[in-house]
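# Geometric and topological summary
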Amino acid sequence: MQLLTPRSPAEKEVTELRGTGELSGAARMKIVIAAAFGPLIAGYALVAALFALVTVLAASPHFSVAGVLHAAAPGLLAAYQVPVTIAGASLGVLPLFGTVLAGALVAGSASHAAARLNYREPGQAVNVVAPIAAAHALAGIAIALTIDSTQVGVEPLAAFLVPGFIAALCATAGVAERCGIVSAARDLLDPAALRGLRAGALGMAGLFAVGALVLTVSLAVSVHTVGTLFAANAPGFGSGAGMLLLSVGYLPNAVVATLSFVAGPGFALGSVSLTPFSFRGGNVPGLPLLAGLPEHAARWWPVLMLLPATVGVLVGWSLRTSDHDPRARLRTVGIAGALIGFGCVLLGTLAGGRLGNGTFDPVSVPIGLLSVAAFGWIVVPGGLVAWFAGPHRAPAPAVIEQPQEPEQPEQPEELEELEEPGEPEEAELVDETEAPGEPEEPETPEEDEAESEAVEPPPTSEESEQPS
């Protein structure tokens, strides 16, 4: 029956691929196009569905399909951290949770495409990363030029560069393992550098966990305030659901701000600034996520800085046996601290930004101070633990060398020809360096007599006076 059933061109192509094991040019083009535009389509659909859900659940819904689809386009750019202007007010503090989802879509699409194309070399990753980055950059500038600038505006240059950069970064992360980029980096980098990078990733996760822990405890303590803010600013089921989704979207931003507070530099929200050593109060937005903000300073706040120091101790403990030389372990800890400092710069940049033109503008995290503080909390305690808790290089055993007789260098023939006759020392040296293995010629009786006459002492004066 299968022989009588006509097969479609796609099935014929699959059969040919199974037989030959090679993809045609058209098939490769389809895979690359799907990888480039798939995350954009999926992201746009998710944003549109989220906006439609919030609109339907609102207290007084005014649902419009055209309005939802039109608003989803700048919402997609906001997911890629492109600042958006709404009614003349700039919105630069964008939810990091949406960026994480968009990056996961791009990374998964790139990894799937590399697997279907059977890419195994690092150079082949460009064939996937470049189209994905170009598609996101072109889609961003197209959205910026087509949206209604009277209500919502986007800077075209930012819409072109930021989505392209984020897409390229996430696509590279998606194909890194499959295309051999990770293994190539292992071959090129020093083993100590690789251990430092792994420890830095562990330390960055630890610092993020510290921020999440402190934020969770503060919200748990202020649970009554959380309920009051929901009741006052989002009454009803629909408005409460929208407020909850908004709080979840900005949850990573709040974790980064809490991490900056625990590390020492703190953060600012308009006129409100908060550090372990200083506090300046003021009005804050009615977001339940901010219910944990204190109303006055406390003397025990500096104790919280022991948490990032503990993360540094854990990093040093993980590297205590990485090398027998303590100085090499210190270098590894320094590499881990440098990676963590760079990660804090990236997170601090994405977590802050403009928040309209009111009293809550701007939301800022001191990026430079946070980077230096995180580096110090990792390197200082981690270096001490790695130095004292690990092994120390034992002295090398003394090796007794046997004395060797110096070999006399052979004199080249050119120097022998240039020797002048009459120099006894050089002549004796030449006579002594006879070729090994040549037997000595026996001396004749005549030569013995000549030697005895030469050795016999001269006659004395009395012997010379006697007559012959």
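Definitions and limits used
Residues numbered from 1 in each chain as written. Predicted model: local features only at pLDDT ≥ 70, side-chain atom pairs only at ≥ 80, totals over all residues. Heavy atoms only, no water. Salt bridge = Lys/Arg side-chain N within 4 Å of Asp/Glu carboxyl O. Pairing = 2+ DSSP bridges. Helix = DSSP H or I, 4+ residues; strand = E, 2+ residues; numbered from the N terminus. 1 Å grid on protein atoms, 1.4 Å probe; cavity = no way out; pocket = protein on both sides within 12 Å on 5 of 7 lines; lining within 4 Å. Points joined across faces, edges and corners; volume = space filled by probe spheres on them. Phe/Tyr/Trp six-rings, centres within 6.5 Å; stacked < 30°, edge-to-face > 60°. Buried < 20%, exposed > 50% of the residue type's maximum accessible area, 1.4 Å probe, protein only. Contact = heavy atoms within 4.5 Å. Axes fitted to C-alpha atoms, helices over the stretch in contact; angles between N-to-C directions. Parallel < 35°, antiparallel > 145°, perpendicular 65-115°, else oblique. Left-handed = near helix turned anticlockwise from the far one by under 90°. Nonpolar A, V, L, I, M, F, W, Y, C, P; charged D, E, K, R; others polar. Patch = residues over 30% accessible without salt bridge, like charges linked within 9 Å, V, L, I, M, F, W, Y side chains within 5 Å. Areas by Shrake-Rupley, 256 points an atom, 1.4 Å probe, with all protein chains shown as cover. Core = buried A, V, L, I, M, F, W, Y, C linked by side-chain atoms within 4.5 Å. pLDDT = per-residue confidence, 0-100. Expected span 1.5 Å × (residues − 1).

### Topic: the pattern of salt bridges
Between side chains of opposite charge, pairing is possible as soon as their charged atoms come close. Enumeration over the complete set of coordinates arrives at three salt bridges. With a shortest N-O distance of 2.9 Å, R354 and D361 are connected by a salt bridge.

### Description of the sheet that holds strand β6 (residues 279-280)
Strand order across the open sheet formed by four strands is β6-β5-β4-β7, with antiparallel pairing between neighbours. In the strand order of this sheet, the two ends are held by β6 and β7 (363-364), each with one partner. In this structure, strand β4 (residues 267-269) lies alongside strand β5 (residues 272-274), joined through three bridges in antiparallel fashion. Counterpart to F267 in the pairing with β5 is L274.

### Digging into empty space enclosed by the protein
In the structure shown here, the tally under the stated rule is two cavities of 30 Å³ or more. In this structure, the largest cavity spans a volume of roughly 40 Å³. Taken together, L207, L259, A263, P308, C344, L370, A374 and W377 form the lining of the largest cavity. Elements that contribute at least two residues to the lining of the largest cavity include exactly α11 (251-263) and α14 (367-389). With three residues, the single largest contributor to the lining of the largest cavity is α14.

### A few points about the packing of aromatic side chains
Taken as a whole and assessed by the stated rule, the structure comprises two aromatic pairs. Note on F261 and W301: the rings are 5.5 Å apart at their centroids and 85 degrees apart in plane angle, and the pair reads as edge-to-face. Of this pair, F261 sits in helix α11 while W301 sits in the loop between β6 and α12 (306-318), and the two are 40 residues apart along the sequence. Here F261 and W301 have matching classes, each one buried. With a centroid separation of 6.2 Å and 65 degrees between ring planes, the pair formed by F279 and W301 is classed as edge-to-face. Of this pair, F279 sits in strand β6 while W301 sits in the loop between β6 and α12, placing them 22 residues apart in sequence.

### Quick notes on the environment of V256
Structurally, the position occupied by V256 is in helix α11. On the basis of relative accessible area, V256 is assigned to the buried category, the value being 1%. On a C-alpha basis, the gap between V256 and V210 in space is 9.8 Å, while along the polypeptide they are 46 residues apart. Residues contacting V256, with those up to four places away along its chain left out, are F208, L347, G348 and A351.

### Quick word on the sheet that holds strand β2 (residues 89-91)
Pairing is antiparallel in the open sheet, where three strands are placed in the order β2-β1-β3. The open sheet has two edge strands, β2 and β3 (152-154), and neither has a second partner. Strand after strand, the sheet turns through a mean of 30 degrees between neighbouring axes, direction not considered. Sheet topology note: the strand β1 (residues 84-86)/β2 ladder contains three bridges and is antiparallel. Among the inter-strand pairings, T85 is bridged to a residue of β2, identified as S90.

### Let's talk about unusual backbone geometry
The omega torsion across D361 and P362 is -5 degrees, close enough to zero to call that bond cis. Summarising the element assignment, P362 is placed in the loop between α13 (326-351) and β7. For Q81, which is not a glycine, the phi torsion comes out positive at approximately 65 degrees. Mapped onto the fold, Q81 is located in the loop between α3 (65-79) and β1. In this model, A87 sits at a positive phi of 55 degrees, which is unusual for a non-glycine residue. Along the chain, A87 falls in the loop between β1 and β2. Its relative accessible area of 63% is what places A87 among the exposed residues.

### Side note on the packing of helix α4 (residues 96-116) against helix α6 (residues 156-175)
In the contact formed by α4 and α6, the axes pass within 7 Å of each other and the chain directions differ by 45 degrees. Taken together, the axes of α4 and α6 lie oblique to each other. Here α4 runs over α6; the crossing is right-handed. In this structure, α4 uses G103, V106, A107, A110, S111 and A114 to contact α6, whose residues at the interface are A167, C170, A171, G174 and V175. The residue makeup of the contact of α4 with α6, split by class, is eight nonpolar, three polar and no charged.

### As for the environment of A374
Looking at the element boundaries, A374 is found in helix α14. Residues A374 and G203 lie 171 residues apart in sequence; the distance between their C-alpha atoms is 9.7 Å. Among residues more than four places away in sequence, those in contact with A374 are L207, I340 and C344.

### Comments concerning a nonpolar patch on the surface
Taken together, the side chains of M29, I33, F37 and I41 make up a nonpolar region of the molecular surface, amounting to roughly 410 Å² of accessible area. Position of F37 among the secondary structure elements: in helix α2 (residues 25-57).

### A look at the nonpolar core
The nonpolar side chains of soluble globular proteins are, as a tendency, buried together. Judged by nonpolar contacts, the single largest core of 36 residues is most densely connected at Y80, V106, V128, I132, V154 and V175. At the level of elements, α2, α3, α4, α5 (126-146) and α6 are the ones that each hand at least two residues to this core. Once residues lying within four places of it in the same chain are set aside, the contact partners of V154 are L77, V82, P83, V84, A144, I147 and A159. With 27 residues, the next largest nonpolar core counts M204, V262, V333 and I340 among its residues.

### Brief notes about the confidence of the model for the chain
Do not read the predicted coordinates in detail wherever pLDDT is low. Looking at the chain as a whole, its pLDDT mean stands at 83, while 78% of the residues score no less than 70. Contacts of residues 1-6 to residues separated by more than four positions or lying in other chains number zero contacts, the stretch itself having pLDDT below 50. Low pLDDT (under 50) marks residues 460-468, which in the prediction has zero contacts with non-local residues, meaning those over four places away or in another chain.

### Quick notes on helix α10 (residues 237-249)
Taking 1.5 Å as the rise per residue, α10 with 13 residues should run 18 Å; its terminal C-alpha atoms sit 18 Å apart, in good agreement. Along α10, the positions that sit buried rather than exposed are G238, G240, A241, M243, S247 and G249. Where α10 is buried, its residues meet α2, α4, α9 (223-233) and α11.

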